[in-house]
Amino acid sequence: MPGIDVKVFVDTAPVMEKPLAAAAGLGWQGKHTNLVSRHEGSWLFLGAIYTTLEVAEFGAEEAQERDRCGSCDACQRACPTDAFPAPYRLDARRCISYLTIEHAGPIPHEFRESIGNRIYGCDDCLAVCPWNKFAEAAHANRAFRPRAELAAPALADLLALDDAAFRQVFSGSPIKRIGRDRMMRNCLIAAGNSGDATLRAPVARLLDDPNAVVAEAAGWALARLA
């Protein structure tokens, strides 16, 4: 329509997707602070359309889904780093998804062992949500299917990636946006938690990495593997 401005967001800008989705009646913000749908569970993408087009309003009370978490606290108990100080509250500084994706510096030592083998995000709090049993199979959408080479990558292969190779491997993937250095840091922490002595050599090669965060993580991982 001429004269109408539109901007679409799907995890591409810091817009308030979750409260907007709740206000639109798509679900409720659960105790893990993410949106929960009676039909899609916790595994869903939220899209927001900002537009100058005037649209018909509807009553907020009629639209909103009531909170159906009840007494369940599975998401709170599942968090490896105790990132929930209370139901419906998240301390992002303790969240593995934040630490491995958004946080650029060294990951605090107190969380490294709890991170385990997670190299990009966590989502344990979503995985245990009982509402997921009502969700329709998302794998029917081919766009959401994992690429074969990214389904179960070997840590040794990931630790060997330079910047150019990282960009090539993760081209077209959301992982690309965190950059090679952040991914190396995450992989090194996973390597340090692995107990796999065969990873000592690829870890040792990163001790002199130009990026100080990567080099520090390599030293930590090598000490753990020793």
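Keep in mind it's a predicted model, so treat the numbers as computed, not measured.

How each quantity is defined
- Residues numbered from 1 in each chain as written.
- Predicted model: local features only at pLDDT ≥ 70, side-chain atom pairs only at ≥ 80, totals over all residues.
- Heavy atoms only, no water.
- Helix = DSSP H or I, 4+ residues; strand = E, 2+ residues; numbered from the N terminus.
- Buried < 20%, exposed > 50% of the residue type's maximum accessible area, 1.4 Å probe, protein only.
- Lys, Arg positive; Asp, Glu negative; His and termini not counted.
- Salt bridge = Lys/Arg side-chain N within 4 Å of Asp/Glu carboxyl O.
- Contact = heavy atoms within 4.5 Å.
- Polar contact = N/O pair within 3.5 Å; in protein donor to acceptor, adjacent residues only side chain to side chain.
- Expected span 1.5 Å × (residues − 1).

S.K.: Quick question: what am I supposed to make of the side chain of Glu-17 here?
M.R.: With respect to the helices, strands and loops of the structure, Glu-17 is situated in helix H1 (residues 17-23). For the buried Glu-17, no salt bridge is present, and the opposite-charge side chain at shortest range is Lys-18, 7.5 Å distant. In this structure, Glu-17 is in contact with Val-10, Asp-11 and Leu-46, ignoring residues within four places of it in sequence.

S.K.: Got a minute to help me understand the environment of Asp-162 in this structure?
M.R.: One can find Asp-162 in the loop between helix H8 (155-159) and helix H9 (163-169). Between the alpha carbons of Asp-162 and Met-184 there is a distance of 9.3 Å; along the sequence they are 22 residues apart. In terms of polar contacts, Asp-162 uses its side chain to reach the backbone amide nitrogen of Ala-165, at 2.8 Å.

S.K.: Help me understand unusual backbone geometry in this model?
M.R.: What is expected of a backbone is that most residues other than glycine have negative phi and most peptide bonds are trans. Residue Asp-11 is not a glycine yet carries a positive backbone phi of 60°. Locating Asp-11 in the fold gives a position in the loop between strand S1 (6-9) and H1. Residue classification places Asp-11 among the exposed residues on the basis of a relative accessible area of 62%. Its identity as a non-glycine residue notwithstanding, Asp-82 has a phi of 55°, on the positive side. With respect to the helices, strands and loops of the structure, Asp-82 is situated in the loop between helix H3 (74-78) and helix H4 (96-102). You can call Asp-82 exposed: its relative accessible area is 55%.

S.K.: Teacher, can you tell me more about helix H10 (residues 179-194) here?
M.R.: Working note: α-helix, 3.6 residues per turn, so residues spaced by three or four point in the same direction. With 16 residues, H10 should cover 22 Å at 1.5 Å per step; its first-to-last C-alpha distance of 23 Å lies within 8% of that length. Counting buried residues in H10 gives 12 out of 16 residues, a clear majority hidden from the surface. All buried positions along H10 are accounted for by Arg-180, Met-183, Met-184, Arg-185, Asn-186, Cys-187, Leu-188, Ile-189, Ala-190, Ala-191, Gly-192 and Asn-193. Considering only its buried residues, H10 is in contact with H4, helix H5 (109-115), H8, H9, helix H11 (200-204) and helix H12 (212-225). Just downstream of H10 lies Gly-195, where phi reads positive at about 70°.

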